[in-house]
Structures are given as structure tokens and as C-alpha cells.
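Structural overview for review
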Amino acid sequence: MIDTIPELANVVLQESSPAIPENSAAALAVGLAAFGAGYAERGIGSAAVGAVAEDEDLFVTGLIFTVLPETLVILALVTIFLVG
């Protein structure tokens, strides 16, 4: 395994052609950010609904915590405009 590390580094760091094109990397970044935001919202949403069911004053707090992971997707979309 230690012998393959320099070969892997040469493949990743090659200057003539990158391992993944820029547009594909940007699409992958947005897709993974959306997947991570959805995964985070899964637990946040259920906790927010439970909190609001017990105390209606926590609605705004629950809404803010539910929307917070979506900022990751917005920041990932910025990378598309920076790359493209």
C-alpha cells in the first residue's frame, strides 16, 4: 500500500489533464452539499416538529434551524459561478 501512494499522488497532481473536469467537480460539489443538507435536515426537521408540538413559541427557532443547512447548498452553487 505504501508503494502505491506516490503513484496515486502523480495521478491526482498531474498538470496536463486533471483527474476530474472542472464542470464535473462543480456538479459533484453541489450534489454532495445538497445530500449533506438533506441528511442534516432529516434530524433537525423531526426535532423542530416535536418542539413546536410541545411549545408553539419555538416555531421561529425551529424554522431557522431547519433552513440553516440550506445555506451550504447556496454556497456550493457559488462555486459553479466561480469555476464556470
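So, here is what we can say about the structure in this document. Here the structure is a predicted model, which is why all the values come from computation and not from measurement. (Residues numbered from 1 in each chain as written. Predicted model: local features only at pLDDT ≥ 70, side-chain atom pairs only at ≥ 80, totals over all residues. Heavy atoms only, no water.)

Turning next to the overall build of the chain. Broken down by element type, the chain carries 4 helices and 0 strands. Residue burial in the chain is summarised as follows: out of 84 residues, 12% are buried. For the chain, the accessible surface area stands at approximately 6700 Å², while carbon and sulfur atoms represent 71% of it. (Helix = DSSP H or I, 4+ residues; strand = E, 2+ residues; numbered from the N terminus. Buried < 20%, exposed > 50% of the residue type's maximum accessible area, 1.4 Å probe, protein only. Areas by Shrake-Rupley, 256 points an atom, 1.4 Å probe, with all protein chains shown as cover.)

Another point: a negative patch on the surface. A surface patch of like charges, here negative, comprises Glu54, Asp55, Glu56 and Asp57. Inspection of the secondary structure puts Glu54 in helix α2 (residues 22-54). (Patch = residues over 30% accessible without salt bridge, like charges linked within 9 Å, V, L, I, M, F, W, Y side chains within 5 Å. Salt bridge = Lys/Arg side-chain N within 4 Å of Asp/Glu carboxyl O. Lys, Arg positive; Asp, Glu negative; His and termini not counted. Charge placed at Lys NZ, Arg CZ, Asp CG, Glu CD.)

Moving on, we get to the environment of Val30. Summarising the element assignment, Val30 is placed in helix α2. Remark: the alpha-carbon pair of Val30 and Thr79, spanning 49 residues in sequence, is separated by 8.2 Å. Contact partners of Val30, with chain neighbours within four places excluded, come to Ala76, Leu77 and Ile80. (Contact = heavy atoms within 4.5 Å.)

Once that is clear, we can look at a nonpolar patch on the surface. A contiguous nonpolar patch, built from Phe59, Val60, Leu63, Ile64, Phe65, Val67 and Leu68 and spanning about 680 Å² of accessible area, is present on the exposed surface. Note on placement: Phe59 falls in helix α3 (residues 59-67).

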